[in-house]
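Architecture at a glance
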Amino acid sequence: MTDSHGKVRTTVEIYGEKYTIVGDKSHQHILEVSKLVDEKMNEIKGMNTYLDTKRLAVLTAVNIVNDYVMIKKELEDLKKKRREEE
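I will try to describe carefully the structure that is included in this document. (Residues numbered from 1 in each chain as written. Predicted model: local features only at pLDDT ≥ 70, side-chain atom pairs only at ≥ 80, totals over all residues. Heavy atoms only, no water.)

**Regarding the overall build of the chain**
When its secondary structure is counted, the chain shows two helices and two strands. In the chain, the succession of helices and strands from N to C terminus is β-β-α-α. In terms of C-alpha radius of gyration, the chain reaches 17 Å, well past the compact-globule figure of 12 Å for 86 residues. Seen along its three principal axes, the alpha-carbon backbone of the chain occupies a region of about 50 × 45 × 15 Å. Here the chain, with 86 residues, has 16% of them falling under the buried criterion. Long-range pairs, those at least 24 residues apart, make up 17% of the contacts in the chain between residues at least 6 apart in sequence. Within the structure as shown, the chain displays about 7100 Å² of accessible surface, and the carbon and sulfur contribution to it stands at 55%. Charge-centre separation for the chain: the mean point of 16 positive side chains lies 3 Å from the mean point of 16 negative side chains. (Helix = DSSP H or I, 4+ residues; strand = E, 2+ residues; numbered from the N terminus. Rg over C-alpha atoms; globule rule 2.2 N^0.38 Å. Buried < 20%, exposed > 50% of the residue type's maximum accessible area, 1.4 Å probe, protein only. Contact = heavy atoms within 4.5 Å. Areas by Shrake-Rupley, 256 points an atom, 1.4 Å probe, with all protein chains shown as cover. Lys, Arg positive; Asp, Glu negative; His and termini not counted. Charge placed at Lys NZ, Arg CZ, Asp CG, Glu CD.)

Structure below.
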């Protein structure tokens, strides 16, 4: 659903909790991102069953940002290599 400011409102479920996400990305994009967060939380919980939800959320954020930083670095390296080849 889009509000009067052109923002997309999407209700998602992450780790058994419902959240309403408001943003300028498509409904499909918000669902995809939320699904990945949910999958990562469940993956980490499966390896660390003793974690409470707060610690699980922090570890999930750290894992996702780690993936982001690694991909960002790889992209920067590829761009640098491409410039050098030109």
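**Side note on the side chain of Ser 34**
Secondary-structure assignment places Ser 34 in helix 1 (residues 27–47). Not counting chain neighbours up to four residues away, the residues in contact with Ser 34 comprise Val 12, Ile 14 and Ile 21.

**Side note on the pattern of salt bridges**
Taken as a whole and assessed by the stated rule, the structure comprises six salt bridges. A salt bridge links Glu 39 to Lys 35; the nearest nitrogen and oxygen atoms lie 3.7 Å apart. In this pair, Glu 39 and Lys 35 are both assigned in helix 1, four residues apart and thus about one turn of the helix distant. Look at Glu 39 and you get partly exposed, because its relative accessible area is 40%. Note on Lys 35: relative accessible area 53%, which makes it exposed. Taking the shortest distance from any N to any O, the salt bridge between Glu 86 and Arg 82 comes out at 3.8 Å. Overall, Arg 82 belongs to the exposed group, its relative accessible area being 57%. Within this structure, Lys 40, Glu 43 and Asp 67 form a network of salt bridges that share partners. (Salt bridge = Lys/Arg side-chain N within 4 Å of Asp/Glu carboxyl O.)

**Here we look at the nonpolar core**
Within the largest apolar cluster, eight residues are counted, these being Val 8, Val 12, Ile 14, Ile 30, Met 41, Ile 44, Leu 51 and Leu 56. When residues of this core are traced back to their parent elements, those giving at least two are strand 1 (8–14) and helix 1. Beyond its immediate stretch of four places on either side in the chain, Leu 51 contacts Ile 44, Lys 45, Leu 56 and Leu 59. (Core = buried A, V, L, I, M, F, W, Y, C linked by side-chain atoms within 4.5 Å.)

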